[in-house]
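Inside the fold
In case you want the letters, here they are:
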Amino acid sequence: MSSALDRLKHLTHKISGYETARKQNLKILQKLFGELDIDKKVAKFEDLFRFKAVNLSGVSLNEENLGTIKKGKYLQILAIHYDKNAIQKSKNISLAYFGRVENVATELKEKVVEFVIRYRFEKSFMTLEHYHDMLNRFGQENE
């Protein structure tokens, strides 16, 4: 019995930790939203999450070499807009352009990478909630 209680405590602690991390992440993400002038392309912070995804050019987002520049490329934050009714379903929209990646200050480059990772972190929670809601349509027969 105590092992079941311990697992429950551990799970509760983990969920609480995720929610705390999510709230902190949103605060920092909103700050970066303004600092990187993305608010000039997207009027409201909440509208940022209408994009299907946010990506980055000029810098690696792979875990093994996160933040490594790709010489000769341009540092740019790209949003992917999806319109199921359009002829061309998705298109890239530049949210911020910073020039040749070799010429961008390290501090700015790191903020750009952080912004994209923080956006993806929040978007993953939203996706999780979306699929959780969809699963509720199937009922609870298999429990």
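In case you missed it, the structure is sitting above this.
All values reported here derive from a predicted model rather than from experimental measurement. The written sequence of each chain sets the order in which its residues are numbered from 1. Local features in this predicted model are restricted to residues of pLDDT 70 or higher, and side-chain atom pairs are both shown and tallied only at a pLDDT of 80 or more, whereas totals for entire chains, interfaces and linings draw on every residue. Computation of side-chain values covers all heavy atoms of the structure but excludes hydrogens and water.

1. Quick notes on unusual backbone geometry
With a phi angle near 65 degrees, aspartate 37 is a residue other than glycine that sits in the positive phi range. Each helix is a run of DSSP H or I of at least 4 residues and each strand a run of E of at least 2, with the numbering of both proceeding from the N terminus. Tracing the sequence through the fold places aspartate 37 in the loop between helix H1 (2-35) and strand E1 (53-57). Note on aspartate 37: relative accessible area 37%, which makes it partly exposed. Any residue under 20% of the maximum accessible area for its type is buried, any over 50% is exposed, and the rest in between are partly exposed; the area is computed with a 1.4 Å probe on protein chains only.

2. Looking at the environment of glutamine 30
Structurally, the position occupied by glutamine 30 is in helix H1. Taking the C-alpha atoms as reference points, glutamine 30 and valine 59, separated by 29 residues in sequence, lie 21 Å from one another.

3. Focus on the nonpolar core
Note on terminology: a nonpolar core comprises buried Ala, Val, Leu, Ile, Met, Phe, Trp, Tyr and Cys residues joined through side-chain atoms within 4.5 Å. In this structure, Ile38, Leu48, Val54, Leu56, Ile77, Leu95 and Phe115 are the most contacted members of the largest nonpolar core, which totals 26 residues. When contributions to this core are tallied by element, the ones reaching two or more residues are H1, E1, strand E2 (74-82), strand E3 (90-100) and helix H2 (106-136). In terms of residues, this core owes the most to one element, H2, which gives five residues.

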